[in-house]
Structures are given as structure tokens and as C-alpha cells.
Amino acid sequence: KNEVEQSPQNLTAQEGEFITINCSYSVGISALHWLQQHPGGGIVSLFMLSSGKKKHGRLIATINIQEKHSSLHITASHPRDSAVYICAVGKTSGSRLTFGEGTQLTVNP
Amino acid sequence: NAGVMQNPRHLVRRRGQEARLRCSPMKGHSHVYWYRQLPEEGLKFMVYLQKENIIDESGMPKERFSAEFPKEGPSILRIQQVVRGDSAAYFCASSLYGTGANVLTFGAGSRLTVL
């Protein structure tokens with residue numbers, strides 16, 4: 001079993017819909033990261049959080065440390081949000097990130 | 001204020017050749033990480049370096065792969081005698097501090113194709 005599990009693997013939405021991507025982890029962490037990867041492109045860090053909730057524009061990330069679960073929400077989704085969204089954790093021991101397999105999001109106009 | 005610079009962006013090698021991938025971290029960052037993304041797979045940690053030191057290389061294949069981050073110049077990931085299975089995107093990331101609770105800045109990646 002992977003230490004970081006994401007769901008769903010693939011998600012198709014219509015423009016304007018509210019989107020939720022989930023991430024569960026099974027190890028002790030110092031922080032959880034949400035990343036965005038566009039096709040053929042690089043990786044952008046969206047959020048890093050260790051408790052509570054963060055918001056940036058139409059993106060919201062939440063984390064529940066007790067339940068070892070995080071969600072990434074996108075409000076009023078747009079086709080330009082189409083990308084792979086990756087959850088990654090920094091473990092309490094060590095400095096590297098452990099990644100989920102990613103969620104491929106497609107937003108249709 | 002350039003971000004993390006990786007080059008080359010695309011590299012084609014024949015089996016048995018050597019591949020050298022370079023990464024210049026963000027200005028002021030002394031912690032560098034290399035990650036590999038095989039086709040249709042997720043990102044996997046390879047190695048973590050600070051200037052002149054390898055801190056964690058537990059994700060590096062035991063043979064043919066090496067990494068360095070010299071006092072001057074970029075970090076280099078070197079793959080000797082490449083095989084088709086080495087075809088992947090190699091991402092470099094840097095951070096100001098070396099813990100998992102620091103924001104990483106990623107490069108655009110180097111895409112290696114082995115013929």
C-alpha cells in the first residue's frame with residue numbers, strides 16, 4: 001500500500017463545477033504539499049500546509065491531521081485548471097517528499 | 001530572479017551513452033532534490049544534496065547513477081550507460097531549508113529519451 005493515496009485518479013468536470021480531490025496518508029508528516037503539473041510542463045507548488053486551511057484565488061486546501069487526510073478544492077472550475085494535481089508529504093523523519101500518483105483533472109468548456 | 005533552471009530540456013541518447021542533466025537552484029537555495037517521473041507513473045525521489053554533500057541518496061539506483069552539487073556551478077545528475085528504462089522526466093527542485101516542511105521550487109524538467 002502506498003504511503004500517499006489520492007482519489008480519484010481521473011476526474012472530468014464541466015466548466016463552473018466545484019471540484020474536490022482527496023489525499024490520504026499513512027505516515028507522520030511535517031507538512032503536506034499540493035502540486036500542479038501541466039501536460040509537457042513543469043511542476044508548480046500550489047500549497048504547503050501542516051494544519052487547517054489555506055486559500056489562494058479559487059483554490060482551497062484543507063488538512064485534518066488526526067484523520068491524516070487532505071482535500072484540494074477548486075471553485076468555479078475552468079478549462080485552464082486541467083492538469084495533474086499531486087499530493088506529496090514531507091515526513092517527520094527526513095527531508096524528501098513522498099508523492100501520490102496524481103489526479104488527472106479535465107475541465108470541459 | 002530566475003527560478004530553478006534545468007538543462008537540457010530534452011535529451012536523446014542511444015543505449016550505452018552517458019546522460020548529464022544539470023540543475024541550477026533558485027538564488028539563495030542550497031538544498032537540491034532530484035526526482036524521476038517514469039512514463040505514466042508518479043514522481044519518485046532520487047537524491048537530496050546540499051553544497052558539496054550528498055545527504056540522502058536512498059532513491060538512486062545502485063549502479064550507473066550519480067549526482068553531485070559542487071561548491072561552484074549547478075547540480076549534475078549523471079547516468080552512465082543508459083538503457084531504455086532510463087527514459088523519463090527528471091525534475092530538480094530546490095529549497096531554502098532542508099526539511100519536508102519547506103516549499104520546493106521545481107524546475108521545468110529534463111526529458112530523457114533513450115533510443
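Before any of the text, the structure's been laid out above.
Residues numbered from 1 in each chain as written. Chains lettered and ligands numbered in written order. Predicted model: local features only at pLDDT ≥ 70, side-chain atom pairs only at ≥ 80, totals over all residues. Heavy atoms only, no water.

Draft legend 1. The arrangement of the overall build of chain B in detail. Within chain B, the secondary structure is distributed over zero helices and 11 strands. Scanning chain B from its N terminus toward the C terminus, one meets helices and strands in the order β-β-β-β-β-β-β-β-β-β-β. With respect to the three principal axes, the spread of C-alpha positions in chain B is 35 × 30 × 25 Å. Considering chain B as a whole, with its 115 residues, one finds that 45% of them fall into the buried category. Counting every atom, chain B has about 5800 Å² of accessible surface; 48% of that belongs to carbon and sulfur. Averaging the locations of the 16 positively and 10 negatively charged side chains of chain B gives two centres separated by 7 Å. (Helix = DSSP H or I, 4+ residues; strand = E, 2+ residues; numbered from the N terminus. Buried < 20%, exposed > 50% of the residue type's maximum accessible area, 1.4 Å probe, protein only. Areas by Shrake-Rupley, 256 points an atom, 1.4 Å probe, with all protein chains shown as cover. Lys, Arg positive; Asp, Glu negative; His and termini not counted. Charge placed at Lys NZ, Arg CZ, Asp CG, Glu CD.)

Draft legend 2. Quick look at the sheet that holds strand β1 (residues 5–7) of chain B. Residue and element names in this part refer to chain B. Read from one edge of the open sheet, four strands run β1-β3-β8-β7, paired in antiparallel fashion. Every interior strand has two partners, whereas the edge strands, β1 and β7 (65–68), have only one. The mean inter-strand angle of the sheet, taken between neighbouring strand axes irrespective of direction, is 15°. Both β7 and strand β8 (residues 75–79) contribute to a ladder of four bridges, which runs antiparallel. In the strand pairing of β8, serine 66 is matched with arginine 78. (Pairing = 2+ DSSP bridges. Axes fitted to C-alpha atoms, helices over the stretch in contact; angles between N-to-C directions.)

Draft legend 3. Up close: the interface of chain A and chain B. Facing 19 residues of chain A, the contacting portion of chain B comprises 25 residues. Interface area, chain A with chain B, both sides summed: about 1600 Å², of which 58% is carbon and sulfur. If you sort the residues of chain A by the area they bury against chain B, Ile43(A), Ser95(A) and Arg96(A) come out on top, with a joint share of 36%. For the pair chain A and chain B, the number of links is one salt bridge. Across the salt bridge formed by Glu101(A) and Lys44(B), the nearest N and O atoms sit 3.8 Å from each other. (Contact = heavy atoms within 4.5 Å. Buried area = accessible area lost by both parts, 1.4 Å probe. Salt bridge = Lys/Arg side-chain N within 4 Å of Asp/Glu carboxyl O.)

Draft legend 4. Broad picture of the layout of surface pockets. Counted as a void, the largest pocket has a volume near 590 Å³. Taken together, 29 residues form the lining of the largest pocket, with Gln37(A), Val84(A), Gln37(B), Glu40(B) and Glu41(B) sitting closest to its centre. Of all elements in the fold, only β9 (83–91) and β11 (103–108) of chain A together with β9 (88–95) and β11 (110–114) of chain B reach the threshold of two or more residues within the lining of the largest pocket. Of the residues belonging to the lining of the largest pocket, the class tally is 11 nonpolar, 14 polar and four charged. Lining the second largest pocket we find Asn2(A), Glu3(A), Val4(A), Lys91(A), Arg96(A), Leu97(A), Thr98(A), Phe99(A), Glu101(A), Leu43(B), Lys44(B) and Phe45(B). Looking at the lining of the second largest pocket, the elements with two or more residues in it are β10 (97–99) of chain A together with β5 (43–50) of chain B. The class makeup of the residues in the lining of the second largest pocket is five nonpolar, two polar and five charged. (1 Å grid on protein atoms, 1.4 Å probe; cavity = no way out; pocket = protein on both sides within 12 Å on 5 of 7 lines; lining within 4 Å. Points joined across faces, edges and corners; volume = space filled by probe spheres on them. Nonpolar A, V, L, I, M, F, W, Y, C, P; charged D, E, K, R; others polar.)

Draft legend 5. Representation of the state of the cysteines. Tallying each qualifying case throughout the model produces two disulfides over all chains. Cys23(A) shares a disulfide with Cys87(A); S-S distance 1.9 Å. As the torsion about the S-S bond is roughly -60°, the Cys23(A)-Cys87(A) disulfide counts as left-handed. Placement of the pair is Cys23(A) in strand β3 (residues 19–25) and Cys87(A) in strand β9, with a sequence separation of 64 residues. Using a relative accessible area of 0% as the deciding quantity, one classes Cys23(A) as buried. Residue class for Cys87(A) comes out buried when judged on its relative accessible area of 0%. Shown here is the disulfide that connects Cys23(B) with Cys92(B), its sulfur atoms set 1.8 Å apart. Taking the sign of the S-S torsion, about -55° here, the bridge from Cys23(B) to Cys92(B) comes out left-handed. In this pair, Cys23(B) is assigned in strand β3 (residues 19–24) and Cys92(B) in strand β9, connecting sequence segments 69 residues apart. (Disulfide = S-S within 2.5 Å.)

Draft legend 6. Structural context of unusual backbone geometry. Cis rather than trans, the peptide bond between Ser7(A) and Pro8(A) has omega equal to -5°. Following the sequence through the fold, Pro8(A) ends up in the loop between β1 (4–7) and β2 (10–14). Of note, the amide linkage connecting Asn7(B) to Pro8(B) takes the cis form, showing an omega dihedral of 0°. As for its position among the elements, Pro8(B) is in the loop between β1 and β2 (10–13).

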